[in-house]
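# Understanding the architecture of this molecule
So you can see what is in the structure, the chains are spelled out below.
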Amino acid sequence: MGKNGLWLPPADAPLLDEEAAREVPAPYPALVTIGSTEAGDLLLLNLAQVPAVLLDGNPVHITEVCTSLALELGMSPWASDVEAVTIGFGEDLPQLLPTARIAHMRHAAHALRDLSERLLEAHQMPETQHQPYLLLCASALDADLAWEFADVIDKAGTVPVTLVARRVRQPRTSPRLRSSTLHSTSHSSSTTPAPRSPCSVWSMPPTCRSPPR
């Protein structure tokens, strides 16, 4: 790491030309900004590495965070292979963004059906299995639907599927849920997810496939 946190390759380092570089797959196509520290450093998360990201806070702020993620994914030059679905918000985003990576579903049940179809397509077309499929849901999921999402995501195999949803505390638990551990990426208003909204972000490790509660 060089001065001021920047890294520069040697001046004589061999580099790909622009056309050849376009053919190299992005190493982290689902990399997004989830906030910043008090010092102004950005917090990045590779959504493709976790099955679920749970948001806790004011519903308005949660919708803002989901919208910010959708916009970043829709405009990121390295996210061309990412398919993102907004659930219950962002109806105008597919028309506003210059790409076809964002789809809108009015209800979570429709998104669940679309996810099942995507996994079937990936099974029939193995060359697409590396493409991340992201579900952005700003509203609360009911318990039964959350379990259905968890069950389908658990069967996703090599397809990187991530559900970003509102974290809901409910009394109903199971031994599987009690043994699960949610790792807090940030849980204070001092770490502010883009766009500077005071809401907490929790990521569920890949080995923990319980639904969002």
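Just so it is clear, the model here is predicted, and its values are computed rather than measured. (Residues numbered from 1 in each chain as written. Predicted model: local features only at pLDDT ≥ 70, side-chain atom pairs only at ≥ 80, totals over all residues. Heavy atoms only, no water.)

## Quick notes on the overall build of the chain
As a reminder of what qualifies: For the purposes of this entry, the term helix denotes a DSSP run of H or I that reaches at least four residues, the term strand denotes a run of E that reaches at least two, and both are numbered from the N terminus. Two residues form a contact once any of their heavy atoms are found within 4.5 Å. Using a 1.4 Å probe, accessible areas were evaluated by the Shrake-Rupley method; residue-level cover was limited to the displayed protein chains.
If you tally the helices and strands in the chain, you get six helices and nine strands. Long-range contacts, defined as pairs at least 24 residues apart, comprise 67% of the intrachain contacts of the chain with a sequence gap of at least 6. Working note: accessible area of the chain is about 11900 Å², and carbon and sulfur atoms make up 55% of it.

## Structural notes on helix α4 (residues 108–124)
Note the cut-off: By definition here, a helix of n residues has an expected span of 1.5 Å times n minus one. Relative accessibility decides the category of a residue: with a 1.4 Å probe and only protein chains considered, values under 20% of the type maximum give buried, values over 50% give exposed, and everything between is partly exposed. Note that the arc is defined by the directions from the helix axis to the C-beta atoms.
Compared with the 24 Å implied by 1.5 Å per residue over 17 residues, the 24 Å span of α4 between its first and last C-alpha is a close match. Turning to α4, its buried residues number three or more, namely Ala 108, Ala 111, Leu 112, Asp 114, Leu 115, Arg 118, Leu 119 and Ala 122. All buried residues of α4 project into a common sector of 165° when viewed along the axis, lining one side. Of the residues in α4, the exposed ones pointing more than 90 degrees away from the buried face are His 123 and Gln 124. Where α4 is buried, its residues touch β4 (83–87), β5 (102–105), β6 (133–137), α5 (143–154) and β7 (161–166).

## What to know about the nonpolar core
Side chains of nonpolar character tend, in soluble globular proteins, to be buried together. Heads up, the condition is: Residues enter a nonpolar core if they are buried and are Ala, Val, Leu, Ile, Met, Phe, Trp, Tyr or Cys, with the set joined through side-chain atoms within 4.5 Å.
Among the nonpolar cores identified, the biggest contains 25 residues, and Leu 47, Val 53, Leu 55, Cys 66, Leu 73, Leu 134 and Val 164 are the most heavily contacted of them. If one sorts the elements of this core by residue count, helix α2 (residues 59–75) sits on top with six residues. Residues within four places of Cys 66 in sequence aside, it is in contact with Leu 55, Phe 89, Leu 136, Cys 137, Ala 138 and Val 164. Formed by 23 residues, the second largest nonpolar core is a distinct cluster that contains Ala 122, Leu 145, Leu 163 and Ala 165.

## Some words on the pattern of salt bridges
Rule in force here: A pair is scored as a salt bridge if a Lys or Arg side-chain nitrogen falls within 4 Å of a carboxyl oxygen belonging to Asp or Glu.
In this structure the tally under the stated criterion is five salt bridges. Between Asp 56 and Arg 167 there is a salt bridge, with its nearest N and O atoms 3.4 Å apart. Of this pair, Asp 56 sits in strand β3 (residues 52–57) while Arg 167 sits in the loop between β7 and α6 (175–178), and the two are 111 residues apart along the sequence. Among the ionic pairs, Asp 151 bridges to Lys 155, the shortest N-O distance being 2.7 Å.

## Thoughts on the pairing of strand β2 (residues 42–46)
We count it as follows: Note: two strands are recorded as paired if DSSP finds a minimum of 2 bridges between them.
In the sheet, strand β1 (residues 31–36) pairs with β2 via five bridges, with the strands oriented antiparallel. When the bridges of β2 are listed, Ser 36 appears paired with Leu 42. Connecting β1 to the antiparallel partner β2 that follows it, the hairpin turn spans five residues, and Gly 40 within it adopts a positive phi of roughly 95°.

## Describing the side chain of Thr 128
Among the structural elements, Thr 128 can be located in the loop between α4 and β6. Not counting chain neighbours up to four residues away, the residues in contact with Thr 128 comprise Arg 118, Glu 121 and Ala 122.

## Observations concerning the packing of α4 against α5
Note the following rule: Between N-to-C directions, angles span 0 to 180 degrees; the directions come from axes that are lines fitted to C-alpha atoms, helices contributing only their stretch in contact. Just so you know how the angles are binned, under 35 degrees is roughly parallel, over 145 roughly antiparallel, 65 to 115 roughly perpendicular, and the rest oblique. Each residue gets one label: Ala, Val, Leu, Ile, Met, Phe, Trp, Tyr, Cys and Pro are nonpolar, Asp, Glu, Lys and Arg are charged, and the others, such as Gly, are polar.
In the contact formed by α4 and α5, the axes pass within 11 Å of each other and the chain directions differ by 10°. Here α4 is positioned roughly parallel relative to α5, judged by the angle of their axes. Packed against α4, whose contacting residues are Ala 108, Ala 109, Ala 111, Leu 112, Leu 115, Ser 116 and Leu 119, the element α5 presents Leu 145, Glu 148, Phe 149, Val 152 and Ile 153 at the interface. The residue inventory of the contact of α4 with α5, partitioned by class, reads 10 nonpolar, one polar and one charged.

## Quick look at the environment of Ala 30
Looking at where Ala 30 falls in the secondary structure, it is placed in the loop between α1 (18–21) and β1. Of the residues examined, Ala 30 reaches a relative accessible area of 0% and is grouped as buried. Measuring from C-alpha to C-alpha, the distance between Ala 30 and Leu 69 comes to 9.9 Å, with 39 residues separating the pair along the chain. Once residues within four sequence positions are removed from consideration, Ala 30 is found in contact with Leu 45, Asn 46, Leu 47, Ala 48, Leu 73, Val 82, Pro 132 and Leu 134.

## Focus on the confidence of the model for the chain
Under the convention used in this document: Values of pLDDT, which run from 0 to 100, indicate the predictor's confidence residue by residue.
Residues at a pLDDT of 70 or more form 76% of the chain, whose mean pLDDT is 78. For the chain, per-element mean pLDDT is lowest for α6, which scores 34, and highest for β6, which scores 96.

## Description of the environment of Ala 108
Within the secondary structure, Ala 108 is located in helix α4. Taking relative accessible area as the criterion, Ala 108 reaches 12% and is therefore assigned buried. Put simply, Ala 108 and Thr 86 are 22 residues apart on the chain and 9.2 Å apart in space, counted from C-alpha to C-alpha. Discounting chain neighbours no more than four positions away, the residues touching Ala 108 are Ile 87, Leu 141, Leu 145 and Phe 149.

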